[in-house]
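So the chains spell out like this:
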Amino acid sequence: MLIGMNILAWETGPEVNDMRMTTQTPDKLVITSHAKTTLLVIGALLVVVGGVTLVFIRTRPVTFQDLQPPSLLMQQQDDNPATDSEIEPISANEAGYRIANQVGHLLFGRERPVIVLAVIGIIAGGCILLGPFWGTKVTFDKAQQQVQIKQARWFFQSAIDEHPFSELHEVRVERDRTANQSDKNYGASLVFSHHEGAPLSRNYVHYKTVFPLSESCRYDYSSAEAIVNRIRAFMADTQTA
């Protein structure tokens with residue numbers, strides 16, 4: 001009961017937003033972490049605000065007069081009229097000036113600066129929403145006897161790593177001694193044990209990998225210990241089943 005109360009307080013605490021249990025059944029335990037919730041909210045707001053701006057703002061369409069050369073060039077043409085039979089060549093400077101004039105009309109005419117900002121906001125927000133900021137889902141599956149780590153990638157893709165329960169060597173509380181707050185510098189990690197080659201042979205290699213469940217060690221000890229104890233209890237039930 002005490003552990004359950006600690007878990008509830010740990011999930012709903014104001015400082016916790018990147019590590020929480022989302023599913024708990026007799027056969028599955030799911031933990032989500034590493035999600036950039038604040039960044040995703042900002043990206044969604046940029047897309048919504050930009051889209052609403054493009055829909056409701058009233059802009060004047062680009063007309064043929066907007067793309068005409070400036071009055072200075074028109075005056076020069078009036079001073080030097082060309083006959084119908086001859087084609088007046090356009091210098092590189094004049095062509096560049098015309099192009100700059102057209103771009104200026106497109107960008108800075110009436111409400112177009114707002115349109116440009118709206119488009120930039122939609123692009124930036126879209127990049128955020130399509131980025132690898134949706135977090136990681138760790139699933140402990142008794143039916144499959146494995147731990148699945150699903151990490152978000154660009155364009156809603158995912159990288160999936162699967163480890164059998166036999167490779168889960170340890171679930172432990174990690175402490176960051178370089179953190180500024182001494183009471184909130186703890187996190188939870190999974191330690192996997194791997195080996196390659198035949199034991200006692202020359203090519204035998206044994207190593208361990210650590211996967212942090214929390215993006216950073218910024219929890220108090222009781223909060224980090226609560227999730228570690230819950231995973232240990234789930235794994236203990238698996239081993240005795």
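Structure: above.
A quick note: this is a predicted structure, and the numbers were derived from the prediction, not measured.

So, the sheet that holds strand 8 (residues 205-212)
The strand order 6-7-8 describes an open sheet built from three strands, whose pairing is antiparallel. Edge positions in the sheet fall to strand 6 (168-175) and strand 8, since each has one partner strand and no second. Going across the sheet, the axis of each strand differs from the next one's by a mean of 30°, ignoring polarity. Examined bridge by bridge, strand 6 and strand 7 (residues 186-196) share seven bridges and lie antiparallel to one another. Within the sheet, the bridge partner assigned to V171 lies in strand 7 and is L190.

Topic: a nonpolar patch on the surface
A cluster of nonpolar side chains, contributed by V48, V52, V55 and F56, occupies part of the molecular surface with about 430 Å² of accessible area. For V48, the location among the structural elements is in helix 2 (residues 37-56).

Some remarks on the pattern of salt bridges
In this structure the tally under the stated criterion is two salt bridges. Put simply, R172 and E170 hold a salt bridge, and the shortest N to O gap is 3.7 Å. When its relative accessible area of 27% is taken as the criterion, R172 is described as partly exposed. On the basis of relative accessible area, E170 is assigned to the partly exposed category, the value being 30%. A salt bridge links E174 to R172; its shortest N-O distance comes to 2.7 Å.

Some points on the packing of aromatic side chains
Going through the model one piece at a time under the given rule, you end up with five aromatic pairs. Arranged with centres 5.3 Å apart and planes meeting at 80°, the rings of Y186 and Y221 form a pair that is edge-to-face. Of the two residues, Y186 sits in strand 7 while Y221 sits in helix 6 (residues 221-240), which places them 35 residues apart along the sequence. Put simply, the rings of F133, W154 and F155 touch in pairs and so form one group of aromatic residues. Stacked on the ring of F234, the Lys or Arg K142 has its end atom at 4.6 Å from the ring centre.

Thoughts on the sheet that holds strand 2 (residues 28-33)
Reading across the sheet, the five strands line up as 1-2-3-4-5 and stay open at both edges, with antiparallel pairing between neighbours. Taken across any chain shown, the strands that pair with only one partner, and hence form the sheet edges, are strand 1 (19-24) and strand 5 (158-164). Ignoring strand direction, the axes of neighbouring strands in this sheet form an average angle of 15°. Strand direction decides the pairing type here: strand 1 and strand 2, joined by five bridges, are antiparallel. Counted as the bridge partner of R20 is T32 from strand 2.

The rules behind each value
- Residues numbered from 1 in each chain as written.
- Predicted model: local features only at pLDDT ≥ 70, side-chain atom pairs only at ≥ 80, totals over all residues.
- Heavy atoms only, no water.
- Pairing = 2+ DSSP bridges.
- Helix = DSSP H or I, 4+ residues; strand = E, 2+ residues; numbered from the N terminus.
- Axes fitted to C-alpha atoms, helices over the stretch in contact; angles between N-to-C directions.
- Patch = residues over 30% accessible without salt bridge, like charges linked within 9 Å, V, L, I, M, F, W, Y side chains within 5 Å.
- Areas by Shrake-Rupley, 256 points an atom, 1.4 Å probe, with all protein chains shown as cover.
- Salt bridge = Lys/Arg side-chain N within 4 Å of Asp/Glu carboxyl O.
- Buried < 20%, exposed > 50% of the residue type's maximum accessible area, 1.4 Å probe, protein only.
- Phe/Tyr/Trp six-rings, centres within 6.5 Å; stacked < 30°, edge-to-face > 60°.
- Lys NZ or Arg CZ within 6 Å of the ring centre and 35° of its normal.

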